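One-letter residues, chain by chain:
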Amino acid sequence: MFARLQSVTRSPLWPRWLPQLLPSSCVLCGQTDRNALCQPCRQQHFTLRPRRCVQCAMPIPTTAKEIRCGDCLKYKPAFDATVVVADYAAPADQLVLALKFGARLPLAPLMADMLAQAAAHDADLGLKLPTLLTAVPLGKLRLQERGFNQSLEIARPLSRLLNIPLQPLLVRLRDTQAQSTLPNEERRRNISRAFVVPTHAMNYVRGAHIGVIDDVITTGETLNEIAATLKRFGARRVTNIVFARTVSK
Ligand SMILES: [Zn+2]
Ligand SMILES: [Zn+2]
């Protein structure tokens, strides 16, 4: 299924033919390469899979008896499972930053391909895959500033690779402050009731197992709020599919 990986995105800002005319280089090592991330760098940095909490994807000891981390057992997040490719640390953070703030859009299908591989790996270990995908929406202002939604850029090729349909299921009611700029205790208030399922999406959400796609999971507050919202609207199960996971507290 990975043969269907496409090396360019379908973003209107980045015509499909453009990357083929430009000399491209690997975002990590700078070597000239057809892809935005060269195969040796991918091999070196993204093949290791530490054992992770099935619910929030925080690394846990390989000897742990529980399949969930202590935080998930204690606080019971609204989402049921999380798939990630890597910790949000060097060099995975460079890919996230280059996509989000450097507009290196050709990275998105590569990140999607690595996510599809991580999902297939977790499915082999018993993870149920969702039946419908959605991308974490940006607020209007943020979308205008950036010109694209990085989560949607990852979600489109991922939907094709996993052969799971992608639907906009959520509306962001306001431009929340970036969670990373806030102290922990303010994050929940910042994100609370920030999302809603619009009328036209309600039928898709009811009874569905939804995969929520994002670039980074930090404290999990945003994804928890989204899962809680989807479940308020009748979703049966929510699985986060996120490229990188912050592991420091
Ligand atoms: Zn490289
Ligand atoms: Zn956990």
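As shown above, the structure is provided for reference.
Residues numbered from 1 in each chain as written. Chains lettered and ligands numbered in written order. Predicted model: local features only at pLDDT ≥ 70, side-chain atom pairs only at ≥ 80, totals over all residues.

For the rest of this paragraph, the subject is the nonpolar core. Counting 64 residues, the largest nonpolar core has V84, L107, M111, L115 and L158 as its most contacted members. The set of elements that each furnish at least two residues to this core consists of β1 (81–87), α4 (92–100), α5 (107–124), β2 (132–135), α7 (150–162), β5 (209–217), α10 (221–232) and β6 (237–245). Here the element with the most residues in this core is α5; it accounts for 10 residues. The residues contacting L107, other than those within four sequence positions of it, are V27, A36, L37, L95, A98 and L99. (Core = buried A, V, L, I, M, F, W, Y, C linked by C-beta atoms within 7 Å. Buried ≥ 20, exposed ≤ 12 C-beta atoms within 10 Å, placed from the backbone. Helix = DSSP H or I, 4+ residues; strand = E, 2+ residues; numbered from the N terminus. Contact = placed C-beta atoms within 7 Å.)

In this structure, P91 follows A90 across a cis peptide bond, with omega equal to 0°. With a phi angle near 70°, A57 is a residue other than glycine that sits in the positive phi range. For K76, which is not glycine, the phi dihedral falls at a positive 45°. Relative to the assigned elements, K76 resides in the loop between α3 (70–75) and β1.

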